[in-house]
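Commentary on secondary and tertiary structure
The residues making up each chain are set out below.
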Amino acid sequence: MYKTVLVPVDGSPMATRALDVAAELCRTFGAHLITLCVYRHHSPLEASLSMVRVKQLADRPDDSLKTYASEIAAAAKARALESGVESVTAYAKRGQPSRAIVGFAKQHDCDLIVLGARGNGDIEGFLLGSVSHKVASLAPQHCLIVR
């Protein structure tokens, strides 16, 4: 039924639950799983707590954010492989989360996007609605929102 499943991850417990559901679907259908962590351009107004978690800060804040996003995506990939998913790739991408996820899913011919209902969002999530809501509204693919 599904050939390629995308699961955006941000390190939150809800994203981990979504990853586990996506992994189960991939095992069931023999689908390829893609983990994606989207990071935003760093600016003083949008400072990120994730910067604190990076072991060594890079010269540019965006480099540190990319490193951290890559670590999150790789950890999700490792979890999926450990659970028995046979084909998994991991990506980190800079951009506005909901639009980056929808664009990435289209670019990689994903059949399904599996998202956590809430994640480690920023203030924009409170003002404009959650990333999962936006993705479900914009994406032409099936979307599964995990609580």
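My aim in this report is to walk through the structure given alongside it, one point at a time. None of the values given here were measured: they were computed from a predicted structure.

Helices and strands together make up the secondary structure of the protein, namely 6 helices and 5 strands. Secondary structure elements of the protein occur, N-terminal to C-terminal, as β-α-β-α-α-β-α-β-α-α-β. Classification of the 147 residues of the protein by burial places 41% in the buried group. Counting contacts in the protein only where the partners sit at least 6 residues apart, residues at least 24 apart contribute 74% of the total. For the protein, the exposed surface amounts to about 8,300 Å²; the carbon and sulfur share of it is 54%.

The final tally for this structure, using the stated rule, is 2 aromatic pairs. Ring geometry for Tyr2 versus Phe29: centroids 5.7 Å apart, planes at 85°, classification edge-to-face. A residue pair is termed long-range when its members are at least 10 positions apart, and Tyr2 in the segment before strand 1 (4–8) and Phe29 in helix 1 (residues 13–29) qualify at 27 residues. A residue is classified by how much of its surface remains accessible, and Phe29, at 33% relative accessible area, is partly exposed. For the pair Tyr91 and Phe104, a centre-to-centre distance of 5.1 Å together with 65° between the ring planes defines the contact as edge-to-face. Highlighted residues: Tyr91 in strand 3 (residues 88–94) and Phe104 in helix 4 (residues 97–107), separated in sequence by 13 residues. Residue Tyr91 is classed as partly exposed on the basis of its relative accessible area of 34%.

Within the element layout of this structure, Thr4 appears in strand 1. If we skip the residues at most four places from it in the chain, Thr4 touches Ala31, His32, Ile34, His108, Asp109, Cys110, Asp111 and Leu112.

Tracing the backbone through its elements, the reader meets Met14 in helix 1. In sequence terms Met14 and Ile145 are 131 residues apart; their C-alpha atoms lie 9.9 Å from each other. Apart from residues no more than four positions distant in its own chain, Met14 is found in contact with Gly116, Ala117, Arg118, Val146 and Arg147.

This part is about the nonpolar core. Counting 26 residues, the largest nonpolar core has Val5, Val7, Val9, Leu33, Val85 and Val114 as its most contacted members. Listed by contribution, the elements that provide at least two residues to this core are strand 1, helix 1, strand 2 (32–39), helix 3 (61–82) and strand 4 (112–116). No other element matches the 7 residues that helix 3 contributes to this core. Beyond its immediate chain neighbours, meaning those up to four positions away, Val9 contacts Ala15, Leu36, Cys37, Ile72, Ala73 and Ala76.

Considering all chains together, one arrives at 2 salt bridges under this definition. Note that Asp20 and Arg79 form a salt bridge whose closest N and O atoms lie 2.8 Å from each other. Residue Asp20 is located in helix 1, and its partner Arg79 is located in helix 3; the two are separated by 59 residues in the primary sequence. We note a salt bridge from Arg94 to Asp62, for which the minimum N-O separation is 3.0 Å. Remark: Asp62 occurs in helix 3 and Arg94 occurs in strand 3; sequence separation between them is 32 residues.

Glancing now at helix 1. With 17 residues, helix 1 should reach 24 Å at 1.5 Å per residue; the first-to-last C-alpha distance of 25 Å fits that figure. The set of residues buried in helix 1 consists of Met14, Ala15, Ala18, Leu19, Ala22, Ala23 and Cys26. Here the buried face of helix 1 lies against strand 1, strand 2, helix 3, strand 4 and strand 5 (142–146).

Reading the values: the criteria
- Residues numbered from 1 in each chain as written.
- Predicted model: local features only at pLDDT ≥ 70, side-chain atom pairs only at ≥ 80, totals over all residues.
- Heavy atoms only, no water.
- Helix = DSSP H or I, 4+ residues; strand = E, 2+ residues; numbered from the N terminus.
- Buried < 20%, exposed > 50% of the residue type's maximum accessible area, 1.4 Å probe, protein only.
- Contact = heavy atoms within 4.5 Å.
- Areas by Shrake-Rupley, 256 points an atom, 1.4 Å probe, with all protein chains shown as cover.
- Phe/Tyr/Trp six-rings, centres within 6.5 Å; stacked < 30°, edge-to-face > 60°.
- Core = buried A, V, L, I, M, F, W, Y, C linked by side-chain atoms within 4.5 Å.
- Salt bridge = Lys/Arg side-chain N within 4 Å of Asp/Glu carboxyl O.
- Expected span 1.5 Å × (residues − 1).

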